[in-house]
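# Architecture at a glance
For reference, the chains in residue letters:
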Amino acid sequence: MTARIGVVTFPGSLDDRDAQRAIRLAGAEAVALWHGDHDLQGVDAVVLPGGFSYGDYLRCGAIAAQAPIMHEIVAAANAGMPVLGICNGFQILVEAHLLPGGLIRNEAGAFVCRDQTLRVENATTAWTHGFEQGDLITVPLKNGEGGFIADAETLKRLEGEGLVAFRYVDVNPNGSLDDIAGLTNERGNVVGLMPHPEHATEPGFGPDTPSAMRSGVDGLTFFRSVIERTLAAV
Amino acid sequence: MPVIVVEVMPKAELLDPAGKAVATALAKRGDGEFTAVRIGKRFELHVDEVTDAVLAKAQHLAEELLSNAVIENVVRVYAAEDAVA
């Protein structure tokens with residue numbers, strides 16, 4: 001049996017095809033989902049991909065969070081279905097209140113694109129259990145509005161309850177509080193992060209590693225984790 | 001045609017790089033008496049008629065959709081005679 005993982009395309013999505021490709025490389029079937037539908041087509045998990053949905057109008061992710069399919073995704077997420085938000089997808093999860101806080105313009109005011117080292121802070125979620133806590137991984141990061149903020153009380157709760165999934169290492173590229181690169185919800189089925197694991201899934205096209213140029217495939221573990229979790233649940 | 005105006009500003013403690021760039025440009029022009037600039041948003045919601053119900057709905061939308069309470073404040077929601085432009 002093959003896991004079926006949906007990828008939602010919104011107007012202005014950029015990395016939906018890359019996310020589909022990453023899912024196939026990890027061994028699952030990628031299912032294209034459309035923002036205007038109310039149909040999740042029976043998928044086992046959903047990826048909200050990166051991009052600039054609605055041209056970042058209003059706020060990044062704010063209009064996409066109102067899309068018809070988000071009704072089904074919010075309901076499914078609350079019922080335990082794994083959902084991964086990457087970059088703009090993370091912004092959509094925050095605007096849909098599936099994850100707390102907000103994402104604002106990078107501290108330096110400029111778009112940042114780099115191979116980013118992350119530390120896995122929570123290796124128990126549907127999307128991260130293939131890692132060990134404390135693992136250092138490298139995935140590409142590319143955003144203009146990736147600065148994570150939250151009020152002091154929320155930040156304390158995130159840290160206290162282990163809801164920080166990933167933290168930036170060496171460089172904080174966007175001024176995120178507590179170097180937060182990604183979050184999980186309490187249940188561990190909803191994960192969002194600014195860096196792009198789907199861009200580190202195929203040798204020759206990933207980030208550089210000490211062993212060879214463009215050989216980094218740390219992102220595969222996200223998708224393999226959710227495939228394993230999905231098939232185990234059947 | 002009456003409109004309901006919603007004014008939203010970024011929270012004071014947040015960086016406003018666009019406002020800062022404008023302030024710098026003003027200082028370079030010699031207009032340094034304007035010591036800081038902050039840029040917010042003005043929404044004009046066109047309605048057929050301003051009622052308490054529609055004003056309350058606009059207030060709700062201002063807080064739930066037109067702004068994000070984590071990063072912005074709703075400054076004012078009020079009825080106006082007409083759109084500005």
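Everything numeric in this text was worked out from a predicted model, so none of it was measured. (Residues numbered from 1 in each chain as written. Chains lettered and ligands numbered in written order. Predicted model: local features only at pLDDT ≥ 70, side-chain atom pairs only at ≥ 80, totals over all residues. Heavy atoms only, no water.)

## What to know about the overall build of chain B
Note the cut-off: To qualify as a helix, a DSSP run of H or I must reach at least 4 residues; to qualify as a strand, a run of E must reach at least 2; elements of each kind are numbered from the N terminus. Radius of gyration: over C-alpha atoms. The globule rule applied is 2.2 Å multiplied by the number of residues raised to the 0.38 power. Residue contacts are counted whenever heavy atoms from the two residues lie within 4.5 Å of one another. Where accessible areas are quoted, they stem from the Shrake-Rupley method and a 1.4 Å probe; at the residue level, only the protein chains shown are allowed to cover. In this tally, Lys and Arg are treated as positive and Asp and Glu as negative; His is ignored, and so are the chain termini. By convention, the charge on Lys lies at NZ, on Arg at CZ, on Asp at CG and on Glu at CD.
In terms of helices and strands, chain B carries two helices and three strands. Against the compact-globule benchmark of 12 Å for 85 residues, chain B has a radius of gyration of 16 Å, which places it well outside the compact range. Overall, chain B is about 45 × 30 × 15 Å in size when its C-alpha atoms are taken along their principal axes. For chain B, long-range pairs separated by at least 24 residues make up 77% of all intrachain contacts whose partners lie at least 6 apart in sequence. When the accessible surface of chain B is split by element, carbon and sulfur atoms take 57% of a total near 5500 Å². Between the centroid of the 9 positive side chains of chain B and the centroid of its 14 negative side chains there is a distance of 10 Å.

## Considerations on the interface of chain B and chain A
Put simply, the rule reads: Reported buried area values correspond to the accessible surface (1.4 Å probe) lost by two parts on association, with both partners' losses combined. Every case where a carboxyl oxygen of Asp or Glu lies within 4 Å of a side-chain nitrogen of Lys or Arg is listed as a salt bridge. Within 3.5 Å is the distance limit for a polar contact, defined as a pair of N or O atoms, with the added protein rule that one can donate a hydrogen and the other accept it, and that residues adjacent in sequence qualify only through two side-chain atoms.
Opposite the 12 residues of chain B that make contact, chain A presents 12 residues. For the pair chain B and chain A, the summed buried area comes to about 960 Å², and 66% of that belongs to carbon and sulfur atoms. Between chain B and chain A we count one salt bridge in total. With a shortest N-O distance of 3.7 Å, Arg 59 of chain A and Glu 72 of chain B are connected by a salt bridge. The tally of links from chain B across to chain A stands at four residue pairs in polar contact (both at pLDDT 80 or more). Among the secondary structure elements, those contributing two or more residues to the side of chain B that touches chain A are β2 (41-46) and α2 (52-66) of chain B.

## Let's talk about the sheet that holds β2 of chain B
Hydrogen bonds along the backbone pair up the strands of a sheet, which may run parallel or antiparallel. Residues and elements named next belong to chain B. The criterion, for reference: In this description, strands pair whenever DSSP reports at least two bridges between them. Helix axes are fitted only over the stretch in contact, all axes being lines through C-alpha atoms; the angle between N-to-C directions runs from 0 to 180 degrees.
Across the sheet, which stays open at both edges, the three strands sit in the order β2-β1-β3 with antiparallel pairing between neighbours. The open sheet terminates on both sides in strands that have one partner only, identified here as β2 and β3 (72-80). On average, each strand axis in the sheet is inclined to that of its neighbour by 20 degrees, with strand direction left out of account. One ladder, built from eight bridges, connects strand β1 (residues 3-10) with β3; its direction is antiparallel. Within β3, the position partnered with Met 9 by the bridge is Asn 73. Sheet strands touched by α2: β1, β2 and β3. Its angle to β3, the strand with the most contacts, is close to 155 degrees.

## A look at the UniProt feature "active site" (unreviewed entry) in chain A
All names here are of chain A. Stated formally: UniProt positions are given in the numbering used here, feature names are shortened, and annotations may be inferred rather than shown by experiment. Accessibility here uses a 1.4 Å probe with only protein chains present; expressed as a share of the type maximum, an area under 20% marks a residue as buried, one over 50% as exposed, and anything in between as partly exposed.
Following the UniProt record, the feature "active site" (unreviewed entry) maps to Cys 87, His 196 and Glu 198 here. A maximum C-alpha distance of 10.8 Å places the annotated residues, which cover 112 residues in sequence, within one compact spot. One can find Cys 87 in the loop between β4 (83-86) and α3 (88-95). Accessibility expressed as a relative area gives 6% for Cys 87, which makes it buried. Assignment of secondary structure puts Glu 198 in the loop between β11 (190-193) and α5 (220-233). The residues touching Glu 198, leaving out its near neighbours within four places in the chain, are Asp 15, Asp 18, Ala 19, Ala 22, Ile 86 and Phe 223.

## Quick look at the packing of aromatic side chains
Note the following rule: Paired rings are identified among Phe, Tyr and Trp, the last through its six-membered ring, by centres lying within 6.5 Å, and are further divided according to the angle between planes into stacked (under 30 degrees), edge-to-face (over 60) and tilted (the rest). Any Lys NZ or Arg CZ found within 6 Å of a ring centre and within 35 degrees of that ring's normal is scored as a charge over the ring.
Applying the stated criterion to the full structure yields three aromatic pairs over all chains. Seen from their ring centres, Phe 166 of chain A and Phe 222 of chain A are 5.2 Å apart, and the 25 degrees between their planes marks the pair as stacked. Highlighted residues: Phe 166 of chain A in strand β9 (residues 164-168) and Phe 222 of chain A in helix α5, separated in sequence by 56 residues. For the residue pair Phe 166 of chain A and Phe 222 of chain A, the accessibility class agrees, reading buried in each case. An aromatic cluster is defined as three or more aromatic residues linked by ring pairs; in this entry it consists of Phe 131, Phe 166 and Phe 222 of chain A. The ring of Tyr 78 of chain B carries Arg 76 of chain B above its face, with NZ or CZ at 4.0 Å from the centroid.

## Here we look at the nonpolar core
Rules: By nonpolar core we mean a set of buried residues, namely Ala, Val, Leu, Ile, Met, Phe, Trp, Tyr and Cys, connected to one another through side-chain atoms within 4.5 Å.
If you look at the biggest cluster of nonpolar residues, it comprises 72 residues, and the most contacted ones within it are Val 47, Leu 48 and Phe 166 of chain A. Listed in part, the nine residues of the second largest apolar core include Val 8, Phe 43, Ala 58 and Val 77 of chain B.

## Some thoughts on the sheet that holds β11 of chain A
Residue and element names in this part refer to chain A. Strand order in this open sheet of nine strands is β2-β1-β3-β4-β11-β10-β9-β6-β7, and the pairing throughout is mixed. Single-partner strands in this sheet number two, and they are β2 (29-34) and β7 (136-143). Each neighbouring strand pair of the sheet contributes to a mean axis angle of 25 degrees, computed without reference to strand direction. Note that β9 and strand β10 (residues 180-184) share three bridges and pair antiparallel. Bridging from a neighbouring strand, Val 164 pairs with Leu 183 of β10.

## Remarks on the confidence of the model for chain B
The cut-off we apply is this: How sure the predictor is of each residue is captured by pLDDT, a score from 0 to 100.
This prediction gives chain B a mean pLDDT of 92; 96% of its residues lie at or above 70. Of all helices and strands in chain B, the one with the weakest mean pLDDT is helix α1 (residues 17-29) of chain B (92), whereas α2 of chain B scores best (97).

## Here we look at the side chain of Asp 16 of chain A
Residue and element names in this part refer to chain A. Here Asp 16 shows up in helix α1 (residues 16-26). It is Arg 17 that comes nearest to the buried, bridge-free Asp 16 among opposite-charge side chains, at 5.2 Å. Look past the residues within four positions of Asp 16 in its chain and what remains in contact with it is Val 7, Val 8, Thr 9 and Pro 49.

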